[in-house]
Amino acid sequence: MSDASEVPEVTMPSAQAPGSPPERPRLRWVVAALLAQSLLVGVAVAPALSPRLTGQEYRMRVAPVDPIDPFRGAYVQLEYPGLPAPPRDDDAPPMGTVYVPLAQDRSTGLWKGTDLRDTPPDAAPYLTCESDGWRLKCGIDSWFVPQQRAAELERAMREDHAVAVLKIDSNGHAAITDLIATT
Amino acid sequence: MVETASGRGTAPGRGEPGDTRHPVSVRTMRWLDEQLREWERDGLVTGTAAATIRSRYVAETKVKLLAIVTGLGVAFVAIGLIWLVAANLDGLPPLARLAAVAAVWLGLAAAAEVIRSERLTAVCRTLAAAAFGAVIFQAAQSLQVPAFEPALIGCWGLGALLYAYATRSLGAFAVGLAAGIGWFAWQIAETAHGIAETAIAVLCGAIVATAVAVAHAGRLHRARPEFATGWRLAGAGFALVGLFMAALPFGEPESGRSPWQPGVLWMLGIAAATAAAALMLAGRSTRTAIRGEDGRPPAARLGWELLVLAVILALGTALVLWQPDSGALENLDPSRMTPQLWARTTTSILVFLAAAAWFAMLGTWRDAPSLTSVALIALVLFTTFQSFAVFAPIISGATLFLAVGAVMLATGLAAERVRRRLTRRRARPGKKSTKEATS
């Protein structure tokens, strides 16, 4: 008699009569799953939807993060010279959500950040960002660009002539809607 | 049509309508033939009965290669679809691109419900789960959602899992679970600071994954037992990775930063709540089930899995918080190995060994050989790492391998002896009750 430990596995169709076709899932469950997935698409892009639908338009100067090779693949990483960097001292706001009030430079018409706060300012516009102690992430840090426009934008950004067009809603959530080269 | 094994008439061939034979591997068929000959020789079955039993099974020859090629094909198409999105083709406006990708996704999902071929349906469902990811990434790209957002992967994983459970598709489940694991690892890497926080968070993830596996009791488990195995694999993987990190002697908490950050406390709360909910769900699903061999209801045995994970979490947390001076190891200075450092290092090895042994045993208990394999591979990797990264300045890695190997041999032989005794004891209940009846 062979050892019980050598009994090979027998794979059986689960919960079905032998030879019957596999049980098909009920269509309503499949439709419900597809609807739930559609909702999840909305959830995934929600941070960018709200400012696009309800936000006001503002323009800020923008620079590439990597001036040597600003384009990685199909998007460019952006930084905003007009936004303050998190200060690295004991008085710095704690890591986490921070708020950046914006003020307009009358000579250029562009907007820039004034300071960092850990409570929302009383008046708009302001940006709601996440700070990790090293940099701010405000949801406007990258721009997906078709290859044809890449060279033109790259030249403009190196010469400091690129401007990001943002939409910011009343809660400080921002979305970048365009990146344009100015002369 | 083919002639039956008993020689009486014909039966449908494999795959033909009316074919009621179960497919088994060639090895299994050979074992069955052997057993039937023995039973016939011992007079347990007649020749006719043996032929009837044998005719219920058919050995299926190697479609394994075809399955591998098909699987690879599915994986390549899925990756290609997502890559196409990442390429940011400008031939179409962003919204048109989104509509096109969504059409591919819904088309695959609809095809899966219409096609009657089981294999093609499985392929379509797997591709639909992958295409859902492409829809999310395309939507994010069209709306300029910042690159490298873990939430996108999380939404993909959740959606794919919902679809998998609705359709009971193993392929879609694999896509969803992989995306979910990727999201979890990325999220932890982004938010946790230091090894202590990361290890505790990962160990909490192990409890959540195992709790989901435990919740797969009753009808859901019978419909797709592989789902529970997948969750158990994820739980085991997280537990072993968490212990691996906790065992590192190099990580010290960032100065002035307690590991008990709000994120970690939330994770602990979620782990506890998920475990409690899973036990309630499992208990309700198996309330009318036949009691286990040992007389206890199945839910009680499922509770052991979560209890062990809780112990692993506690031990891992204790290890990360126990950080004697590790300067001896950092500076390769064996003369500075303090008794505390020896104690910690030895304890961490024993804890990892015990955890790996538990998961190896669980793999056998739950009929999940992949779980056993993962545990053993993790043990080899851990021992190798400890040899070269930790013990190299002190003793040779070979000595550590010898020590761990000796412990495992002794444990394995002792466990086998206990198993044989238990098997013999279980084989005697009839004799025992007869004795009691006559005494």
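This write-up is about the structure you can find in this document. Just so it is clear, the model here is predicted, and its values are computed rather than measured. (Residues numbered from 1 in each chain as written. Chains lettered and ligands numbered in written order. Predicted model: local features only at pLDDT ≥ 70, side-chain atom pairs only at ≥ 80, totals over all residues. Heavy atoms only, no water.)

With that settled, the discussion passes to the sheet that holds strand 10 (residues 162-168) of chain A. Residue and element names in this part refer to chain A. With antiparallel pairing, 3 strands are arranged side by side in an open sheet as 1-10-11. Each edge of the sheet is formed by a strand with only one pairing partner; in this case those strands are strand 1 (56-61) and strand 11 (174-181). Averaged over all pairs of adjacent strands, the angle between their axes in this sheet comes to 25 degrees, without regard to strand direction. With 6 bridges connecting them, strand 1 and strand 10 associate as antiparallel partners. Its bridge partner being in strand 10, Glu57 is matched across the sheet by Lys167. Each of strand 1, strand 10 and strand 11 is contacted by helix 1 (residues 27-54), which is oriented at about 70 degrees to strand 11, the strand it contacts most. (Pairing = 2+ DSSP bridges. Helix = DSSP H or I, 4+ residues; strand = E, 2+ residues; numbered from the N terminus. Axes fitted to C-alpha atoms, helices over the stretch in contact; angles between N-to-C directions. Contact = heavy atoms within 4.5 Å.)

Turning next to the state of the cysteines. Residue and element names in this part refer to chain A. Counted under the stated rule, the structure contains 1 disulfide over all chains. Two residues share a disulfide in this structure: Cys129 and Cys138, whose sulfurs sit 2.1 Å from each other. Where Cys129 bonds to Cys138 through sulfur, the torsion about that S-S bond is close to 100 degrees, and the disulfide is right-handed. The class of Cys129 is buried, set by a relative accessible area of 1%. (Disulfide = S-S within 2.5 Å. Buried < 20%, exposed > 50% of the residue type's maximum accessible area, 1.4 Å probe, protein only.)

With that settled, the discussion passes to helix 1 (residues 26-41) of chain B. Counted at 1.5 Å a residue, the expected span for helix 1 of chain B with its 16 residues is 22 Å, and the 23 Å between its end C-alpha atoms agrees. Listed as buried for helix 1 of chain B are Thr28(B), Met29(B), Leu32(B), Asp33(B), Gln35(B), Leu36(B) and Glu38(B). (Expected span 1.5 Å × (residues − 1).)

Ile136(B), Trp156(B), Tyr163(B), Ile312(B) and Phe359(B) are the most contacted members of the largest nonpolar core, which has 107 residues in total. Dropping the residues within four chain positions of it, Tyr163(B) is found in contact with Val30(A), Ala33(A), Leu34(A), Gln37(A), Ala109(B), Ala112(B), Glu113(B), Arg125(B), Ala128(B), Ala129(B) and Ala172(B). Of all hydrophobic cores here, the second largest spans 28 residues; its members include Leu136(A), Ala162(A), Ala164(A) and Ile168(A). (Core = buried A, V, L, I, M, F, W, Y, C linked by side-chain atoms within 4.5 Å.)

We now examine the environment of Gly182(B). Residue position: Gly182(B) is located in helix 7 (residues 170-191). Through-space distance from the C-alpha of Gly182(B) to that of Ala67(B) is 25 Å; in sequence the pair is 115 residues apart.

Here Gln138(B) is to be found in helix 5 (residues 118-142). Sequence-distant contacts of Gln138(B), defined by excluding residues within four places in its chain, comprise Val85(B), Pro94(B), Arg97(B), Leu98(B) and Val101(B).

What follows deals with the pattern of salt bridges. All names here are of chain B. Tallying each qualifying case throughout the model produces 7 salt bridges over all chains. The partner of Glu305 in a salt bridge is Arg232, with the nearest N and O atoms 2.7 Å apart. In this pair, Glu305 sits in helix 12 (residues 298-321) while Arg232 sits in helix 10 (residues 225-247), placing the two residues 73 residues apart along the sequence. On the accessibility criterion, Arg232 (8% relative accessible area) is buried. Bridged by salt links that share partners, the residues Arg232, Glu305 and Arg366 form one connected network. (Salt bridge = Lys/Arg side-chain N within 4 Å of Asp/Glu carboxyl O.)

Take the sheet that holds strand 8 (residues 136-137) of chain A next. Residues and elements named next belong to chain A. Spatially, the 4 strands line up as an open sheet ordered 6-5-7-8, and their pairing is antiparallel. Across the chains shown, the open sheet's two edge strands, defined by having one partner strand only, are strand 6 (111-113) and strand 8. Pairing between strand 7 (residues 126-131) and strand 8: 2 bridges, direction antiparallel. Residue Ser131 lies in a different strand from strand 8, and its bridge partner there is Leu136.

Residues and elements named next belong to chain B. Inspection of every chain in the model, using the stated rule, returns 15 aromatic pairs over all chains. Here the aromatic residues Tyr165, Phe173, Phe227 and Trp231 are joined through ring pairs into a cluster of three or more. Its end group placed over the ring of Trp365, Arg366 keeps NZ or CZ at 4.7 Å from the ring centre. (Phe/Tyr/Trp six-rings, centres within 6.5 Å; stacked < 30°, edge-to-face > 60°. Lys NZ or Arg CZ within 6 Å of the ring centre and 35° of its normal.)

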